[in-house]
Amino acid sequence: MIPVITIDGPSGAGKGTISQRVAESLGWHMLDSGSLYRLTALAATLDDIGLDNENALTPLAARLDVVFEPSTRGLRILLRGKDVSEAIRAEEIGMKASKVAALPAVRAALLTRQRDFAQAPGLVADGRDMGTTVFPQAKLKVFMTASAEARAERRYKQLMEKGISASLPALVADLKARDEQDSNRSVSPLKPASDAIFLDTTTMGIDEVTERVLAEARKIYR
Ligand code: DC
């Protein structure tokens, strides 16, 4: 069986950065499952489909024309042939993604696509339900958290670095609203797998968190 490490947790906990570092260090593949929900939300916006229109969103998610293309600046994501790597990261798309992600049929439509990422020599998968639903067989499951304030501050810094203006209190409110939505949906809510390791990264740096996950991985996959 292909080895899988799952990294779940609330928005902005640093899952993406850590998954990328861990995957690079091990030479494994990476799945940013949130990008699939973001792509579905963006495609819905482009096609003028309501975010609660499960009947229309389900085939849209199932047939998403998307290509993940490695480039020197990380992964390039193409939707219908167009580079949307930046566009899907907008806060507004994150919120919309959280809405479409609450629809059971949309989640079901994206399940196989996510599982197909498990390829040799291994996969690091980040999201909300990687350990509970998509890869329940994974031998290493991490649940990564940080206080809402710390997560908002990290997001604020990232946006500033990109020259995008933002308001810190608005970011805190946004993250809390998204946590609430992701934790309270009926299907695959954000919650730790019963066998997950907890990692509170509020006061930890990127290198320290990466090292912790790699240390756990070495115990299992040596
Ligand atoms: O990780 P992210 O912020 O890119 O994810 C965007 C939204 O997608 C998130 O608010 C909830 C949803 N999501 C999900 O429901 N399940 C996942 N495995 C990943 C993301």
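Residues numbered from 1 in each chain as written. Predicted model: local features only at pLDDT ≥ 70, side-chain atom pairs only at ≥ 80, totals over all residues. Heavy atoms only, no water.

Q: Where do I start with the sheet that holds strand S3 (residues 66-71) in this structure?
A: Backbone-to-backbone hydrogen bonds join strands into a sheet, with any given pair of strands oriented parallel or antiparallel. Here three strands make up an open sheet; going across it, the order is S3-S4-S5 and the pairing antiparallel. What marks the edges here is a single partner per strand, and that holds for S3 and strand S5 (82-83). Relative to strand S4 (residues 74-79), S3 runs antiparallel, the two sharing six bridges. Bridge pairing in S4 links Val 66 to Leu 79. Where helix H2 (residues 33-46) meets the sheet, its contacts fall on S3 and S4, and the angle it forms with S4 comes to roughly 30°. (Pairing = 2+ DSSP bridges. Helix = DSSP H or I, 4+ residues; strand = E, 2+ residues; numbered from the N terminus. Contact = heavy atoms within 4.5 Å. Axes fitted to C-alpha atoms, helices over the stretch in contact; angles between N-to-C directions.)

Q: Which parts of the structure should I look at to understand unusual backbone geometry?
A: Backbone phi values are negative for most residues with the exception of glycine, while trans is the configuration of most peptide bonds. That bond from Ala 120 to Pro 121 is cis: its omega, 5°, falls within 30 degrees of zero. Unusually for a residue other than glycine, Asp 48 sits at a positive phi of about 60°. Position of Asp 48 among the secondary structure elements: in the loop between H2 and helix H3 (54-62). Since its relative accessible area comes to 70%, Asp 48 is described here as exposed. Look at Arg 80: it is not a glycine, yet its phi comes out positive at around 50°. (Buried < 20%, exposed > 50% of the residue type's maximum accessible area, 1.4 Å probe, protein only.)

Q: Would you take a moment to explain the environment of Gly 122 for this structure?
A: Within the fold, Gly 122 resides in the loop between helix H5 (104-115) and strand S6 (123-127). Residue Gly 122 is classed as buried on the basis of its relative accessible area of 0%. Residues Gly 122 and Gly 16, 106 residues apart in the sequence, show an inter-C-alpha distance of 17 Å. Residues contacting Gly 122, with those up to four places away along its chain left out, are Ile 2, Pro 3, Trp 28 and His 29.

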